[in-house]
Amino acid sequence: MRASQALLLFVVAIGCGRIGYDGQGAATDDASSPLPDAGTVPLGPFEAPTVIPALADPSFDDDPSMTADLLELYFEGNRAGGPGQSDIYVSTRISASAPWGTPELVPELSTTFDESTPTVAGDGLTIWFVNDSDEGLGGDDIWVSTRATRSAPWGTPILVAELNSIGDEAGPATTQDQKTVFFESDRDGPAGNKDIFVATRPTSSQAWGVPVPVVSLNTEFTESGVQPANGGLEIVFGSRRLTSDGPGDLFQASRPSLDEPFDAPTEIPGLNTAFDEQDPWMSPDGRYIVFASNRSGNMEIYEARR
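Described below are features of the structure shown in this document. (Residues numbered from 1 in each chain as written. Predicted model: local features only at pLDDT ≥ 70, side-chain atom pairs only at ≥ 80, totals over all residues. Heavy atoms only, no water.)

**Digging into the packing of aromatic side chains**
Where two aromatic rings form a pair, the distance of their centres and the angle of their planes describe that pair.
Then, number 1: As enumerated under the stated definition, the model contains seven aromatic pairs in all.
Then, number 2: Aromatic side chains Phe183 and Phe197 sit 6.0 Å apart centroid to centroid with 20° between the ring planes, which places their arrangement in the stacked category. Here Phe183, found in strand β13 (residues 180-185), pairs with Phe197, found in strand β14 (residues 195-200); they are 14 residues apart in sequence, far enough to count as distant. You'll find Phe183 and Phe197 in the same group, each marked buried.
Then, number 3: With a centroid separation of 6.0 Å and an interplanar angle of 15°, the aromatic rings of Phe291 and Tyr302 are classed as stacked. With Phe291 in strand β21 (residues 288-293) and Tyr302 in strand β22 (residues 300-305), this pair connects stretches of sequence that are eleven residues apart.
Then, number 4: In this structure Phe291 comes out as buried when scored by relative accessible area, which is 0%.
Then, number 5: Against the face of Phe197 rests Arg187, its NZ or CZ located 5.1 Å from the ring centre. (Phe/Tyr/Trp six-rings, centres within 6.5 Å; stacked < 30°, edge-to-face > 60°. Helix = DSSP H or I, 4+ residues; strand = E, 2+ residues; numbered from the N terminus. Buried < 20%, exposed > 50% of the residue type's maximum accessible area, 1.4 Å probe, protein only. Lys NZ or Arg CZ within 6 Å of the ring centre and 35° of its normal.)

As structure tokens, this is what we get:
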């Protein structure tokens, strides 16, 4: 089957709502979403986003990520730290339709340094994040932690040396099989001006290969908050390409195969404003999205459904 035919079949399947998604957004063929009737109702536009009530706080909150069952929400916040210092928090709930609980600090992952951009795997047993301690290669570096069960504490974080540089890294997010990772880095440009990079490995237990920039997604402006979907064939992320160094917006892109570049990114309809939107995370069935925005005057975590 030609790539164009395969892409057409994939798009038709999504439009009919017959493809399920894993915890990192990767497609499955059994529509195994935790939400009812997700495999039979076509996807439409997102409804108007609202702040998640339990997370509303005068401090800075950012970088939301969830488990595939939508029962654990991890994010970056500076509620307990001094100005500019952020830690990792988690909010939980008893079902995918229940309200989120009061956020709690994750002590095993939080230190006196900055922790940011946490991304939890779909099964809730691996979490990737960034720390700016002097144990890394320089600036913000990527770390990973695992746990044996969802009720166990997180293990001691490990520096992922092969993904880091003397610049700043952020937002590591893997596909479901944990053999492809996307993240942002300013290693190839001016400090603070991040591009999207990708690295792969043969198995989920081996070291990562050399990261390379995702040229088809990058611009001269900052790209951030990347989340792969459909095994790496789709991606959602934030970018300042429309406003230079002004507010960011949320984008999506797809590609016919892993060997081809992504098509030109397009805005995610109904979510962007004249304010800053960043760091999207989409649910396994594609019907629930969370992201950060300062449209209220303070950076908060918003949710929207379709």
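Now, onward.
**Details of the nonpolar core**
Then, number 1: Core analysis: the largest hydrophobic core is formed by 13 residues, its most contacted members being Ile52, Leu55, Met66, Trp100, Tyr288 and Val290.
Then, number 2: At the level of elements, β5 (72-77) and β21 are the ones that each hand at least two residues to this core. (Core = buried A, V, L, I, M, F, W, Y, C linked by side-chain atoms within 4.5 Å.)

**Description of the side chain of Arg147**
Then, number 1: Following the sequence through the fold, Arg147 ends up in the loop between β10 (141-146) and β11 (158-159).
Then, number 2: At 3.4 Å, the side chain of Arg147 and the side chain of Tyr74 are in polar contact.
Then, number 3: When sequence neighbours within four positions are dropped, the list of residues in contact with Arg147 reads Glu72, Tyr74, Gly124, Leu125, Ala152, Pro153 and Trp154. (Polar contact = N/O pair within 3.5 Å; in protein donor to acceptor, adjacent residues only side chain to side chain. Contact = heavy atoms within 4.5 Å.)

**Remarks on the sheet that holds β22**
Across a sheet, strands are paired by hydrogen bonds formed along the backbone, either parallel or antiparallel in direction.
Then, number 1: The four strands are arranged β3-β22-β21-β20 in an open sheet whose pairing can be described as antiparallel. One side of each edge strand has no neighbouring strand; the edge strands of this open sheet are β3 (50-51) and β20 (277-282).
Then, number 2: Note that β21 and β22 share six bridges and pair antiparallel. If you follow Tyr288 over to β22, its bridge partner there is Arg305. (Pairing = 2+ DSSP bridges.)

**Some thoughts on the side chain of Asp249**
Then, number 1: Within the secondary structure, Asp249 sits in strand β18 (residues 249-254).
Then, number 2: The buried charged residue Asp249 lacks any salt bridge, with Arg295 as its nearest oppositely charged partner at 7.9 Å.
Then, number 3: Those residues within four positions of Asp249 in sequence are excluded, and the remaining contacts are Phe237, Gly238, Ser239, Leu242, Thr243, Glu267, Asn272, Thr273 and Glu277. (Lys, Arg positive; Asp, Glu negative; His and termini not counted. Salt bridge = Lys/Arg side-chain N within 4 Å of Asp/Glu carboxyl O.)

**Thoughts on unusual backbone geometry**
Then, number 1: Of note, Leu70 is a non-glycine position whose phi angle comes to about 65°, a positive value.
Then, number 2: Taking the relative accessible area as the measure of exposure, Leu70 reaches 1% and is therefore buried.
Then, number 3: Backbone geometry at Asp279 places phi at a positive 55°, although glycine is not the residue there.
Then, number 4: Following the sequence through the fold, Asp279 ends up in strand β20.

**Considerations on the pairing of β5**
Successive side chains on a regular strand alternate, one facing one side of the sheet and the next facing the other.
Then, number 1: Counting buried residues along β5, six of its six residues qualify, which places the element largely inside the surrounding structure.
Then, number 2: A two-sided burial pattern is seen for β5, the buried positions comprising Glu72, Tyr74 and Glu76 on one face and Leu73, Phe75 and Gly77 on the other.
Then, number 3: With four bridges joining them, strand β4 (residues 61-66) and β5 adopt antiparallel strand pairing. When the sheet's bridge partners are listed, Asp61 is paired in β5 with Gly77.
Then, number 4: Taking the residues between adjacent antiparallel strands as the criterion, β4 and β5 are bridged by five residues, where Leu70 takes a positive phi near 65°.
Then, number 5: As judged from the six bridges shared by β5 and strand β6 (residues 87-92), these two strands associate in the antiparallel manner. Pairing of Tyr74 across the sheet is with Val90, part of β6.

**Some details on the pairing of β14**
Then, number 1: Counting buried positions along β14 yields five of six residues, so the element is predominantly enclosed.
Then, number 2: Pairing of β13 with β14 involves six bridges; the strand directions are antiparallel. Along β14, the bridge assignment pairs Phe182 with Val198.
Then, number 3: Bridge count for β14 against strand β15 (residues 212-213) is two bridges, and the pairing is antiparallel. Bridge pairing in β15 links Val198 to Val212.

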